[in-house]
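So you can see what is in the structure, the chains are spelled out below.
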Amino acid sequence: MILKELKGYLLIIIAMLIWGSVGIFARWTGESSSVIVFYRVIITFIILVILWIVKGCKGLSDLRTNWKLVVLSGLALGLNWYFFFTAIQRTTVANAVLSYYVAPIIVTILSPVLLKEKIERSSIVALVFGFLGVVVMMAGPGNKLGAEDLLGIGAGLLAAFFYAILTILGKKIQLSARLLVMIQTGVASILFFPQVLGQLIVSSKSLIMLLIIGIIHTAFALTIYYEGIKMIKVQHVGVLGYLDPLSAILFAFFLLGEIPGFSSLLGGILIIFSSFLILSRKKSIKV
């Protein structure tokens, strides 16, 4: 049992560290958000379809009662990544990632409406910290944010909203993780294909970066992530999830030379603290 748990922790940590670098590879592609998202989802979709066929095409019977929610979750997945990569391109990786981690707060706001859950006092406290974090990040003393930075943070918040929708739908949908991700990426591929008709030709460098994002950051990382979840407690997964934004800031510092400002760090700490309060109380929310 101990070895199994250790393996679970290791898989989750590896997945989070991998996801922490996705913003860097997105920058290196030099492509638009639509192109990055399209290649990410189409590569993942192709890989998972091949695995699904090899495994015997199982699970379609379970899709009949969930297909509407699955399609909606696919749209949310695509828009989530689109706005996240837009944020990465408009502002620093630190601002983009930290604003993105308002998602657990949004889940708490929407859960009473969509999941009929009662908001706890600790959740209200977390919402206050999260709101203060966004305010400090955007308008704190000494923080030199231009119009592009504000647009980037705004895109990060939109990405957080769609991630929250994706989280809530994921709780409602009764389907195997691999099949769910396969269909989600298939829907997202259809959604973004018209957006990239005139942008399908990319440089060899961009193509390599996009293949890494599709194969490593999506297909591989998602697989080991879901395997790890089965071996450890979900609340521990939530805590380990903060390796994602923290590692993203470190990757940006060492590889891009981006030094986060004091206000960005302070606002990010408040956001992460608020999200931790929620995740430590709600085992159902996954990062």
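Predicted model, so just to flag it, every value in this text is computed and none were measured.

Novice: What exactly am I supposed to notice about the environment of I269 here?
Specialist: If you trace the backbone, I269 turns up in helix 14 (residues 262–281). For the pair I269 and L98, spaced 171 residues apart in the sequence, the C-alpha separation amounts to 8.5 Å.

Novice: How should the nonpolar core be read in this particular structure?
Specialist: Soluble globular proteins tend to pack their nonpolar side chains together in the buried interior. Residues F84, F85, L175 and I183 are the most contacted members of the largest nonpolar core, which totals 76 residues. Per element, the largest residue contribution to this core is 10 residues, and it comes from helix 9 (residues 147–172). Look past the residues within four positions of F85 in its chain and what remains in contact with it is V22, A26, S33, I36, V37 and R40.

Novice: Help me understand helix 2 (residues 22–29) in this model?
Specialist: Structural remark: α-helix, 3.6 residues per turn; residues separated by three or four positions point the same way. For helix 2, the tally of buried residues reaches six of eight residues, placing the bulk of the element in the interior. Turning to helix 2, its buried residues number three or more, namely V22, G23, I24, F25, A26 and T29. Against helix 1 (2–20), helix 3 (33–54), helix 5 (67–90), helix 6 (93–100), helix 11 (204–229) and helix 13 (243–256) lie the buried residues of helix 2. One or two steps after helix 2, the chain reaches G30, where phi turns positive at roughly 70°.

Novice: Would you mind showing me how to read the layout of surface pockets here?
Specialist: If a probe the size of a water molecule is rolled over the atoms, the empty space left behind becomes visible. Here the largest pocket is characterised by a volume of approximately 1,200 Å³. Residue lining of the largest pocket: 46 residues in total, with W19, V181, L222, Y225 and Y226 positioned closest to the centre. A per-element tally of the lining of the largest pocket places helix 11 first, with nine residues. A class-by-class count of the residues in the lining of the largest pocket yields 26 nonpolar, 13 polar and seven charged.

What counts and what doesn't
- Residues numbered from 1 in each chain as written.
- Predicted model: local features only at pLDDT ≥ 70, side-chain atom pairs only at ≥ 80, totals over all residues.
- Heavy atoms only, no water.
- Helix = DSSP H or I, 4+ residues; strand = E, 2+ residues; numbered from the N terminus.
- Core = buried A, V, L, I, M, F, W, Y, C linked by side-chain atoms within 4.5 Å.
- Buried < 20%, exposed > 50% of the residue type's maximum accessible area, 1.4 Å probe, protein only.
- Contact = heavy atoms within 4.5 Å.
- 1 Å grid on protein atoms, 1.4 Å probe; cavity = no way out; pocket = protein on both sides within 12 Å on 5 of 7 lines; lining within 4 Å.
- Points joined across faces, edges and corners; volume = space filled by probe spheres on them.
- Nonpolar A, V, L, I, M, F, W, Y, C, P; charged D, E, K, R; others polar.

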